[in-house]
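One-letter residues, chain by chain:
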Amino acid sequence: GRVPKFSSRGGTTAEDLALQNIQARIRMVMAYLFAQLLPWVRGRSGFLLVLGSANVDEGLRGYMTKYDCSSADINPIGGISKQDLKRML
């Protein structure tokens, strides 16, 4: 069968993009998994909130993967431009 590859391994642009998007989505799935299970591991009830890391420039340009870091519970830098973030750091 066919197996998608990153472009660095000889894959097409479509394969590369699909694999990059799945990585971003898996990171968000793992973040929510940990947010739900960490209190349980500590013997507590409840859940934690997941913080996002998408900035306003990414949103305005459409440079986002659906269900990635833009899908967090709270996005503290969501209204700040990348240039302003660099200046703050």
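Q: Now, about the overall build of the protein: what can you tell me, with residues and values included?
A: Scanning the protein from terminus to terminus reveals three helices and zero strands. The N-to-C order of helical and strand elements in the protein reads α-α-α. Scaling as 2.2 N^0.38, a compact globule of 89 residues should have a C-alpha radius of gyration of about 12 Å, whereas the protein reaches 17 Å, well beyond that. The buried share of the protein, taken over its 89 residues, is 22%.

Q: Provide a residue-level description of the environment of Pro4, including the pertinent values.
A: Following the sequence through the fold, Pro4 ends up in the segment before helix H1 (13-41). Residues Pro4 and Val50 lie 46 residues apart in sequence; the distance between their C-alpha atoms is 30 Å. With sequence-adjacent residues up to four places away left out, Pro4 is seen in contact with Glu15 and Leu19.

Q: I'd like a description of the confidence of the model for the protein, backed by residues and values.
A: Detailed reading of the predicted coordinates is not advisable wherever pLDDT is low. Looking at the protein as a whole, its pLDDT mean stands at 91, while 100% of the residues score no less than 70. Here helix H2 (residues 56-61) stands out as the element of the protein with the lowest mean pLDDT, 84, in contrast to H1, whose mean of 94 is the highest.

What counts as what
- Residues numbered from 1 in each chain as written.
- Predicted model: local features only at pLDDT ≥ 70, side-chain atom pairs only at ≥ 80, totals over all residues.
- Heavy atoms only, no water.
- Helix = DSSP H or I, 4+ residues; strand = E, 2+ residues; numbered from the N terminus.
- Rg over C-alpha atoms; globule rule 2.2 N^0.38 Å.
- Buried < 20%, exposed > 50% of the residue type's maximum accessible area, 1.4 Å probe, protein only.
- Contact = heavy atoms within 4.5 Å.
- pLDDT = per-residue confidence, 0-100.

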